[in-house]
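The primary structure of each chain is shown beneath.
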Amino acid sequence: MTTGQNLVPLRSTRSAPVVFGAGAAIGVLGGMIGLGGAEFRLPLLIGLFGFAALSAVILNKAMSLVVVLVALPARLAAVPAAEVAARWPVALNLLAGSLIGAWAGASWAVRMRTASLYKVLAGLMVLMAAALVVTHTTTLGTLDLPLWAEVPSGVVAGFGIGVVAAIMGVAGGELLIPTIVLLFGEDVRTAGSLSLLVSLPTMLVAFARYSRDGSFAVLGANVRFAMVMAAGSVMGAVGGALLLGVFPDAVLIPALALILLVSAVKLARHE
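For clarity, every value in this text was computed on a predicted model and none was experimentally measured. (Residues numbered from 1 in each chain as written. Predicted model: local features only at pLDDT ≥ 70, side-chain atom pairs only at ≥ 80, totals over all residues. Heavy atoms only, no water.)

1. Thoughts on the packing of helix α6 (residues 114-137) against helix α8 (residues 173-184)
Where α6 contacts α8, the axes come no closer than 10 Å and their chain directions differ by 40 degrees. Considering their axes alone, α6 and α8 lie oblique with respect to each other. α6 and α8 meet at a crossing whose hand is left-handed. Within the contact between the two elements, α6 uses Met-128, Ala-131 and Thr-135 and α8 uses Glu-174, Leu-175 and Pro-178. Per-class residue counts for the contact of α6 with α8 are four nonpolar, one polar and one charged. (Axes fitted to C-alpha atoms, helices over the stretch in contact; angles between N-to-C directions. Helix = DSSP H or I, 4+ residues; strand = E, 2+ residues; numbered from the N terminus. Parallel < 35°, antiparallel > 145°, perpendicular 65-115°, else oblique. Left-handed = near helix turned anticlockwise from the far one by under 90°. Contact = heavy atoms within 4.5 Å. Nonpolar A, V, L, I, M, F, W, Y, C, P; charged D, E, K, R; others polar.)

The following block contains the structure:
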């Protein structure tokens, strides 16, 4: 069980403008690549605002949930509902694994020693950096697996994504979108909508598991903090989306991957 969880941010960084600005900056980073930015928010919660690992994960999960709920109607409006509904077997296949993975990941996180959780988070940040580079610098093909292999592969992939999303407090779109493209041959636009449909119940399951642990008190102690930062994240994501394409991927993606790697190093060294 983790110990020494910080329930409130550092005094010097508690002001609403700073919290909102930090959320907005994260939202811009994510918006420029079509994501929510939760993987960038996590190290900020730890490094700038002084939350301990599990507290930061729980807050990140709560804010990711808010961002996904806001993004879902806009995404569904951009892609016809009938088109998304026709792909329900894809979402169901991934959910069969991700819901179990989310519960398992959250269970492991609350039982892990704080020092170990920092190192696990650092490793997952490296994974996110690699996924970011591969997804945005290569053309994703399709594995074209037979149905008897595709279904169990979807369950296994969903389980792994659910674990990662729960432990980091992210929605998991960074991993879900390329998985949907590779395994099921969907286009990126449809994959983005399907990823949100998978992310939402997956996050709710992880959230429910975290609510059973004493560390969940961090959310009650920081409701205003979380809502202000989530609002900043949403506003920033809108601004980031408007900047989509302004910066070439050859510059933007390596820069964002470098931010994740530097964050990973800091997390690994965190005491």
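2. Here's the deal with the pattern of salt bridges
Under the criterion given, the structure shown has one salt bridge. Between Glu-186 and Arg-87 there is a salt bridge whose closest N-O contact spans 2.8 Å. Highlighted residues: Glu-186 in the loop between α8 and α9 (188-210) and Arg-87 in the loop between α4 (81-85) and α5 (88-111), separated in sequence by 99 residues. Glu-186 sits in the buried class, given a relative accessible area of 12%. (Salt bridge = Lys/Arg side-chain N within 4 Å of Asp/Glu carboxyl O. Buried < 20%, exposed > 50% of the residue type's maximum accessible area, 1.4 Å probe, protein only.)

3. Here's the deal with the packing of aromatic side chains
Within the structure shown, the criterion is met by three aromatic pairs. On the numbers, 5.3 Å between centres and 65 degrees between planes, the contact of Phe-51 with Phe-225 is edge-to-face. Of the two residues, Phe-51 is situated in the loop between α2 (38-47) and α3 (53-78) and Phe-225 in helix α11 (residues 223-242); the sequence distance between them amounts to 174 residues. Both residues of the pair, Phe-51 and Phe-225, belong to the buried class. (Phe/Tyr/Trp six-rings, centres within 6.5 Å; stacked < 30°, edge-to-face > 60°.)

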